[in-house]
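# A structural walkthrough
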Amino acid sequence: MAEPRGQKCILVTGGSGLVGKAIEKVVDDGERRPDEEWIFASSKDADLTDAAATRALFEKHRPTHVIHLAAMVGGLFRNIKYNLDFWRRNMHINDNVLHSAYDSGVQKVVSCLSTCIFPDKTTYPIDETMIHSGPPHNSNFGYSYAKRMIDVQNRGYFEQHGCRFTAVIPTNVFGPHDNYSIEDGHVLPGLIHKVYLAKRNGTALTVWGTGKPRRQFIYSLDLARLFLWVLREYDEVEPIILSVGEDDEVSIREAAECVVRSMDFKGELLFDTTKSDGQFKKTASNSKLKRYLPDFQFTPFEQAVKETCNWFCSNYAIARK
Ligand code: NAP
Ligand code: GFB
């Protein structure tokens, strides 16, 4: 006998990834409400670059709400290599998901942008009003323009059809179930994987670039808790930055040293300056978030990195790498 259906069915596209798994954990650890049914979809449930497959997924589940995470995602070096693919795949995914949501009468969609899509030449701190005020950094223009179109689509669905489609703008995310690929992943999972191998093989840790660029990092479990608040309480179509504060920004060198401490690595730290530094910084303001949630507490960076390292070492066999 099928479980009686709650009044809300929340479909999470990209539910098998870093952010999706964090939302699933937070929901399973007590955030699920009695009137909520949660569906965590991966590309095995539907290839969202395909319009018919996307429609079929929405017809199957008839979601009332959608958290739209599914995307082609990667770190600096994957973006540099595949800007066209990042643009095409993400444009198709986003148009298919948003139009299927509109067609099937979804009450609210929360999509996901990124602080790396803001203009490269800008004043700081960056805020939500600045998305379209100049070209993005050249390393990830494909991903950035595709993501910016979500904001344009959200405005279009609201003005033409009154849809409550909005978006969040996370900064660099890390945590369990990340993509730990050294070539294609982001910096923190890449460094964690590199230190794991350096310890095992008795070699040095090589950090790419100069270590001087600066980043704000948000723990995936903190982002997950904020996503639930946005889904349930945030009523603007305008996007909202979900990030730690400007003062929590660290250099890549400091991030690497934090991983070294968390992994208890005693070997040498080298910097390969033949590799790109990418964007020097993309310091974002979280003052809009703080106006809504002045008491929200982020997990301290050192503790979040330690938990992530512990997860990776305990799950090395199954981790995406
Ligand atoms: P991730 O770990 O790479 O997961 C990507 C998810 O999208 C997976 O569930 C994947 O399914 C799914 N997906 C990819 N292509 C698909 C397709 N064609 N059809 C259906 N599903 C597809 O990514 P993430 O880090 O969790 O990112 C989630 C969202 O956050 C993305 O929108 C990303 O742009 C955004 N974001 C991420 C960061 C970050 O630092 N990670 C920062 C800012 C914003 P499979 O498992 O089946 O491949
Ligand atoms: O996370 P990441 O790859 O992407 O970080 P971005 C790149 C920065 O970390 C550069 C340095 O300064 C790299 O030189 N770095 C040092 C490393 N060691 C490593 C390493 O082992 N792996 C990696 N990956 N970097 C991305 C955007 O920018 O931000 C994406 O390109 C996405 O579109 C993501 O939005 C959130 O932070 O530079």
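Anyway, here's the lowdown on the structure attached to this text. (Residues numbered from 1 in each chain as written. Chains lettered and ligands numbered in written order. Predicted model: local features only at pLDDT ≥ 70, side-chain atom pairs only at ≥ 80, totals over all residues. Heavy atoms only, no water.)

### With respect to the site of ligand 2
- Contacts to ligand 2 come from 24 residues, most closely from Cys116, Lys194, Arg215, Ser276 and Asp277.
- In the model, an oxygen atom of ligand 2 is placed 2.9 Å from a nitrogen or oxygen of the Val187 main chain.
- Protein contacts shield 97% of the accessible area of ligand 2, which totals 700 Å² for the unbound molecule.
- At the level of elements, α3 (76–81), α6 (187–201) and β7 (205–208) are the ones that each hand at least two residues to the shell around ligand 2.
- Taken together, the residues of the shell around ligand 2 break down into ten nonpolar, ten polar and four charged. (Near = heavy atom within 4 Å. Polar contact = N/O pair within 3.5 Å; in protein donor to acceptor, adjacent residues only side chain to side chain. Areas by Shrake-Rupley, 256 points an atom, 1.4 Å probe, with all protein chains shown as cover. Helix = DSSP H or I, 4+ residues; strand = E, 2+ residues; numbered from the N terminus. Nonpolar A, V, L, I, M, F, W, Y, C, P; charged D, E, K, R; others polar.)

### Some words on unusual backbone geometry
- Here the residue pair Tyr124 and Pro125 is connected by a cis peptide bond, since its omega of 0 degrees sits within 30 degrees of zero.
- Tracing the sequence through the fold places Pro125 in the loop between β4 (108–112) and α5 (141–161).
- A positive phi is found at His177, a non-glycine position, where the angle reads about 65 degrees.
- With respect to the secondary-structure elements, His177 resides in the loop between β6 (172–174) and α6.
- Of the residues examined, His177 reaches a relative accessible area of 28% and is grouped as partly exposed. (Buried < 20%, exposed > 50% of the residue type's maximum accessible area, 1.4 Å probe, protein only.)

### Brief notes about the sheet that holds β4
- Here we have six strands laid out as an open sheet, ordered β2-β1-β3-β4-β5-β10, and parallel in their pairing. Two strands close off the open sheet at either side, each with one partner strand: β2 (36–40) and β10 (240–242). For this sheet, the mean angle separating the axes of adjacent strands, direction not counted, is 20 degrees.
- Note: β4 against strand β5 (residues 164–170), five bridges, orientation parallel. (Pairing = 2+ DSSP bridges. Axes fitted to C-alpha atoms, helices over the stretch in contact; angles between N-to-C directions.)

### Considering the packing of aromatic side chains
- The final tally for this structure, using the stated rule, is 18 aromatic pairs.
- Ring geometry for Tyr196 against Phe312: centres 5.6 Å apart, planes inclined by 85 degrees, an arrangement best described as edge-to-face. Placement of the pair is Tyr196 in helix α6 and Phe312 in helix α10 (residues 301–314), with a sequence separation of 116 residues.
- With a relative accessible area of 21%, Tyr196 lands in the partly exposed category.
- Judged by relative accessible area, Phe312 falls into the buried class, the value being 0%.
- Arranged with centres 5.4 Å apart and planes meeting at 90 degrees, the rings of Phe312 and Tyr316 form a pair that is edge-to-face. Tyr316 carries the same exposure label as Phe312, and that label is buried.
- Every member of this aromatic cluster is reached through a ring pair, and the members are Tyr180, Tyr196, Trp311, Phe312 and Tyr316. (Phe/Tyr/Trp six-rings, centres within 6.5 Å; stacked < 30°, edge-to-face > 60°.)

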